[in-house]
Amino acid sequence: MRLRASYPPATKQGTLVHELGHRIFSHLVPGNEDDHPFLFLYDAWVELWGSEFADAQVKVESARKGQVDYPGAWRVALAMTAKERARRWRSFVASRKPAR
């Protein structure tokens, strides 16, 4: 895994957790390594570093360009409560068999 050296420390932390989320997601859904685990990422950031950090990282990610609609994904994820995101994540995980 590589991170940009130019990222500020907080963005490196947030990006590391984001990328680890890819690994979790790809373990559950083999072949879909590019899907983004927005259902748990915000809440993981809050748990690790607080809501101010999480809100700042959403702004950072929402400014990113590429194949993923980051602003749209964050709008959808944050339109749900933490409990709703957790419920959807549990439902998603329960519907999948982990890869071996």
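Higher on the page you've got the structure.
Residues numbered from 1 in each chain as written. Predicted model: local features only at pLDDT ≥ 70, side-chain atom pairs only at ≥ 80, totals over all residues. Heavy atoms only, no water.

## Brief notes about the packing of aromatic side chains
How we decide: To pair, rings of Phe, Tyr and Trp, with the six-membered ring standing in for Trp, must have centres within 6.5 Å; the planes then decide the type, stacked if under 30 degrees apart, edge-to-face if over 60, and tilted in the middle. Put simply, DSSP H or I for four residues or longer makes a helix, DSSP E for two residues or longer makes a strand, and each gets a number counted from the N terminus. For every residue, the accessible area obtained with a 1.4 Å probe (protein chains only) is divided by the maximum for its type, and the residue is called buried under 20%, exposed over 50%, and partly exposed between those limits.
Going through the model one piece at a time under the given rule, you end up with 7 aromatic pairs. Here the aromatic rings of F38 and W74 are separated by 4.7 Å at their centres, their planes lie at 85 degrees, and the arrangement is edge-to-face. Here the residue F38 occupies a position in helix α2 (residues 38–49), and W74 occupies one in helix α4 (residues 70–78), the gap between them amounting to 36 residues. Per residue, the accessibility class of F38 equals that of W74, and both read buried. Summarising the aromatic geometry, the rings of Y42 and W74 are spaced 6.5 Å apart at their centres and angled 65 degrees between planes, so their arrangement reads as edge-to-face. Taken together, the residues span a long stretch of sequence, with Y42 in helix α2 and W74 in helix α4 at a distance of 32 residues. Accessibility assignment for this pair places Y42 and W74 in one class, buried.

## Points about the packing of α2 against helix α5 (residues 82–94)
Condition: Every axis in this analysis is a line fitted to C-alpha atoms, fitted for helices over the stretch in contact. Angles between the N-to-C directions lie between 0 and 180 degrees. Note that the term roughly parallel is reserved for angles under 35 degrees, roughly antiparallel for angles over 145, roughly perpendicular for angles of 65 to 115, and oblique for everything else. By the definition used in this description, the sense in which the near helix is turned from the far one sets the handedness, with an anticlockwise turn below a right angle giving left-handed and a clockwise turn giving right-handed. Contacts are residue-level and defined by heavy atoms, with any inter-residue pair within 4.5 Å sufficient. The classification used treats Ala, Val, Leu, Ile, Met, Phe, Trp, Tyr, Cys and Pro as nonpolar, Asp, Glu, Lys and Arg as charged, and all other residues, Gly among them, as polar.
Here α2 crosses α5 at 130 degrees, and the two axes come no closer than 9 Å. Considering their axes alone, α2 and α5 lie oblique with respect to each other. The element α2 and its partner α5 pack so that their crossing is left-handed. Of α5, the residues touching α2 (which contributes F38, L39, F40, Y42 and D43) are A82, R85, R88 and W89. A per-class count over the contact of α2 with α5 returns 6 nonpolar, no polar and 3 charged.

## A word on the side chain of Q57
With respect to the element layout, Q57 can be found in helix α3 (residues 51–62). A relative accessible area of 4% means that Q57 is categorised as buried. When near neighbours in sequence (up to four residues on either side) are disregarded, Q57 contacts A10, T11, G14 and W45.

## Re the nonpolar core
Here is the rule we go by: Definition used in this section: a nonpolar core is a set of buried Ala, Val, Leu, Ile, Met, Phe, Trp, Tyr and Cys residues joined via side-chain atoms within 4.5 Å.
Core analysis: the biggest nonpolar cluster contains 11 residues, these being V17, F38, L41, Y42, W45, F53, A54, V58, Y70, W74 and A77. Taken together, the elements giving at least two residues each to this core come down to α2, α3 and α4. The leading source of residues in this core is α2, at 4 residues. For W45, the residues in contact, after removing those within four places along its chain, are G14, V17, G50, F53, A54, Q57, V58, E61 and W74. If you look at the next biggest cluster of nonpolar residues, it comprises 7 residues, including F25, L39, F40 and F92.

## Topic: the environment of Y70
Within the secondary structure layout, Y70 lies in helix α4. Take Y70: its relative accessible area is 11%, and that puts it in the buried class. Linking Y70 and V58, residues 12 residues apart in sequence, is a C-alpha distance of 8.7 Å.

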